[in-house]
Each structure stands twice: as C-alpha cells, then as structure tokens.
Amino acid sequence: MKHFFYAVYILFYTGAVFMAGLFIGQMLYRSRVSRQKQSEMAAWPSRTGSNGEVGIGEPKPAVTGRRR
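Residues numbered from 1 in each chain as written. Predicted model: local features only at pLDDT ≥ 70, side-chain atom pairs only at ≥ 80, totals over all residues. Heavy atoms only, no water.

(A) Geometry of the overall build of the protein chain. For the protein chain, the count of helices and strands is 1 helix and 0 strands. Residues classed as buried in the protein chain amount to 0% of the 68 residues present. In the form shown here, the protein chain has an accessible surface area of approximately 7100 Å², with 64% of it arising from carbon and sulfur atoms. (Helix = DSSP H or I, 4+ residues; strand = E, 2+ residues; numbered from the N terminus. Buried < 20%, exposed > 50% of the residue type's maximum accessible area, 1.4 Å probe, protein only. Areas by Shrake-Rupley, 256 points an atom, 1.4 Å probe, with all protein chains shown as cover.)

So, in structure tokens, the structure goes:
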C-alpha cells in the first residue's frame, strides 16, 4: 500500500509541475507578443492631423478603377 501512495504522490507533483510550466510559458508568450505589438505600433508614424483628429489608421491599397 505504501508504494501506491508513493505513485500517487509522484503523479500529483509531476502533474503540478507540468501545469505550472504551461502557465508560466503562457504568461511569457503573452508578454512577448504584447511587447512585439507595442514595438510595431511605435514604428508607425502618428496619424493625427494638425487639429488633433485621427486620420486613416492603416494604408489602403490603391484603387485602379477596374472591376472584375
């Protein structure tokens, strides 16, 4: 019976370490993605006009006038 409890003990703590690793990995991944998005947003020039209004957020493709 002692071996059964030891196996349960090992399985419980290895599962806890695995779940903690998933949680920490998810936090690190989200912080890295957040930093990348912030750096991309900082690279774009400001789109505010002289009166403080916000202009077009992203460049749009040119319209050629042809329709398919």
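(B) Quick peek at the packing of aromatic side chains. Going through the model one piece at a time under the given rule, you end up with 4 aromatic pairs. Where tyrosine 6 meets tyrosine 9, the ring centres are 6.4 Å apart and the plane angle is 25°; that geometry is what we call stacked. Remark: tyrosine 9 and tyrosine 6 occur in helix H1 (residues 2-43); sequence separation between them is 3 residues, near one turn of the helix. Take tyrosine 6: its relative accessible area is 54%, and that puts it in the exposed class. For tyrosine 9, a relative accessible area of 47% translates into the label partly exposed. The interplanar angle of 90° and the centroid separation of 5.1 Å between the aromatic rings of phenylalanine 12 and tyrosine 13 together place this pair among those described as edge-to-face. Look at phenylalanine 12 and you get exposed, because its relative accessible area is 55%. Chaining the aromatic ring pairs together yields one cluster made of Tyr6, Tyr9, Phe12 and Tyr13. (Phe/Tyr/Trp six-rings, centres within 6.5 Å; stacked < 30°, edge-to-face > 60°.)

(C) Region of interest: a nonpolar patch on the surface. Residues Tyr6, Tyr9, Ile10, Phe12 and Tyr13 make up a contiguous nonpolar surface patch of roughly 580 Å² in combined accessible area. In this structure, tyrosine 13 sits in helix H1. The class of tyrosine 13 is partly exposed, set by a relative accessible area of 44%. (Patch = residues over 30% accessible without salt bridge, like charges linked within 9 Å, V, L, I, M, F, W, Y side chains within 5 Å. Salt bridge = Lys/Arg side-chain N within 4 Å of Asp/Glu carboxyl O.)

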